[in-house]
Amino acid sequence: MPSEKQGCIAEVKSATGVNANRCYQCGKCSAGCALNENMDYPPSVVMRLLQTNSEECYGSVLRSQAIWLCASCQSCLTRCPMQIDIPLLMDYLRAQALEKKVANKKSKKIIAFHRAFLDSLRYTGRLYEVGLVAGYKLRTLDFLQDLSVAPRMLLKGKLPLLPEMVKGRKLMKKLFR
Ligand code: SF4
Ligand code: SF4
């Protein structure tokens, strides 16, 4: 096993400040996670896999469906006696999975939504619903899903056709870089 100084524990700690070794496996995060039953690895198991500090276990975490199912609801963080920021950790793991091109294949639609959402923030500085839907549909080629809802939402003014741009978009782009 690699030493803590060079394995995924150190990498994750340096990028997020989360120290996997502080977790003492009480399981409170998993017990309070609403998506636990659908995850291949509940949050406490993600922590345990990271604690092994092995490439193999880190790879399993990066390839997992769990990191994409996590809704960043903060429930685990609220319950954790060690205040381990699992939502932040999950966010980092998602970015790593994409960067290393090992993202879970069954999570394609979630990943398409994730990318479309981030694109909306990157280019307008806030959520632009029409752009988000267009980006999602282009990535999934699922043009018919929820088609009947769009006209009603447009008529009720819930879907502005043009994006509202925030000030300081240059800063936003810098943040993404
Ligand atoms: S932030 Fe993610 S892992 Fe934590 S409780 Fe919510 S869905 Fe579960
Ligand atoms: S609640 Fe905190 S200490 Fe307990 S298993 Fe989850 S991360 Fe570890």
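Bear in mind the structure is a predicted one, so any value in this text is a computation, not a measurement.

## What to know about the overall build of the chain
Along its length, the chain carries 11 helices and 0 strands. Each helix and strand of the chain, placed in order from N terminus to C terminus, yields the pattern α-α-α-α-α-α-α-α-α-α-α. Based on the C-alpha atoms only, the size of the chain along its principal axes is roughly 55 × 35 × 30 Å. Counting only residues that meet the buried cut, the chain has 24% of its 177 residues in that class. Restricting to contacts in the chain with at least 6 residues of sequence separation, those with at least 24 account for 64%.

## Re the packing of helix H1 (residues 8-16) against helix H7 (residues 86-99)
Closest axis-to-axis distance for the H1/H7 pair is 11 Å, and the angle between their directions is 110 degrees. Taken together, H1 and H7 sit at an angle that is classed as roughly perpendicular. Contacts from Val12, Ala15 and Thr16 in H1 reach Leu88, Leu89 and Tyr92 in H7. Considered class by class, the residues forming the contact of H1 with H7 number 5 nonpolar, 1 polar and no charged.

## A short note on the site of ligand 1
As a matter of local geometry, ligand 1 sits amid 14 residues, with Cys33, Cys70, Cys73, Ser75 and Cys76 nearest to it. For the shell around ligand 1, the elements supplying multiple residues, two or more each, are helix H6 (75-79) and H7. At 3 residues, H7 tops the list of elements feeding residues into the shell around ligand 1. Here the residues of the shell around ligand 1 are counted per class, giving 10 nonpolar, 4 polar and no charged.

## Overview of the site of ligand 2
Close to ligand 2 lie 15 residues, the nearest being Cys23, Cys26, Cys29, Ser44 and Cys80. At the level of secondary structure, the elements contributing two or more residues to the shell around ligand 2 comprise helix H2 (28-32) and helix H3 (43-51). Taken together, the residues of the shell around ligand 2 sort by class into 10 nonpolar, 3 polar and 2 charged.

## Some thoughts on helix H9 (residues 129-140)
The end-to-end C-alpha separation of H9 is 16 Å, in line with the 16 Å expected for 12 residues at 1.5 Å each. Directly beyond the C-terminal end of H9, a positive phi value near 60 degrees is found at leucine 141.

## Quick word on the domain arrangement of the chain
The domain boundaries assigned to the chain delineate domain 1 (8-103) and domain 2 (107-176). For domain 1 and domain 2, the distance between their C-alpha centroids amounts to 27 Å. Counting from both sides, the interface comprises 4 residues of domain 1 and, opposite them, 4 residues of domain 2. Grouping the constituent residues of the side of domain 1 that touches domain 2 by class yields 2 nonpolar, 1 polar and 1 charged.

## Section: the nonpolar core
The biggest cluster of nonpolar side chains holds 29 residues, and the ones touching the most others in it are Val46, Leu50, Val61, Ile67 and Leu93. Contributing elements (two or more residues each) for this core: H1, H3, helix H4 (55-62), helix H5 (66-69) and H7. Discounting residues that sit within four places of it in the chain, valine 46 has contacts with Tyr41, Val61 and Ala66.

## Focus on H4
Buried residues of H4: Tyr58, Val61 and Leu62, and no others. Projected down its long axis, H4 shows its buried positions confined to an angular sector of 95 degrees, all on one face. Contacts made by the buried residues of H4 are with H1, H3, H5 and H7.

## Thoughts on unusual backbone geometry
A positive phi is found at glutamine 74, a non-glycine position, where the angle reads about 75 degrees. Mapped onto the secondary structure, glutamine 74 falls in the loop between H5 and H6. Overall, glutamine 74 belongs to the exposed group, with 12 C-beta atoms counted inside 10 Å. Even without a glycine there, the phi angle at leucine 141 is positive, about 60 degrees. In this fold, leucine 141 is placed in the loop between H9 and helix H10 (149-155).

Each value, and the rule that gives it
- Residues numbered from 1 in each chain as written.
- Chains lettered and ligands numbered in written order.
- Predicted model: local features only at pLDDT ≥ 70, side-chain atom pairs only at ≥ 80, totals over all residues.
- Helix = DSSP H or I, 4+ residues; strand = E, 2+ residues; numbered from the N terminus.
- Buried ≥ 20, exposed ≤ 12 C-beta atoms within 10 Å, placed from the backbone.
- Contact = placed C-beta atoms within 7 Å.
- Axes fitted to C-alpha atoms, helices over the stretch in contact; angles between N-to-C directions.
- Parallel < 35°, antiparallel > 145°, perpendicular 65-115°, else oblique.
- Nonpolar A, V, L, I, M, F, W, Y, C, P; charged D, E, K, R; others polar.
- Near = placed C-beta within 6 Å.
- Expected span 1.5 Å × (residues − 1).
- Domains from an automatic or database assignment.
- Core = buried A, V, L, I, M, F, W, Y, C linked by C-beta atoms within 7 Å.
- Arc of directions from axis to C-beta.

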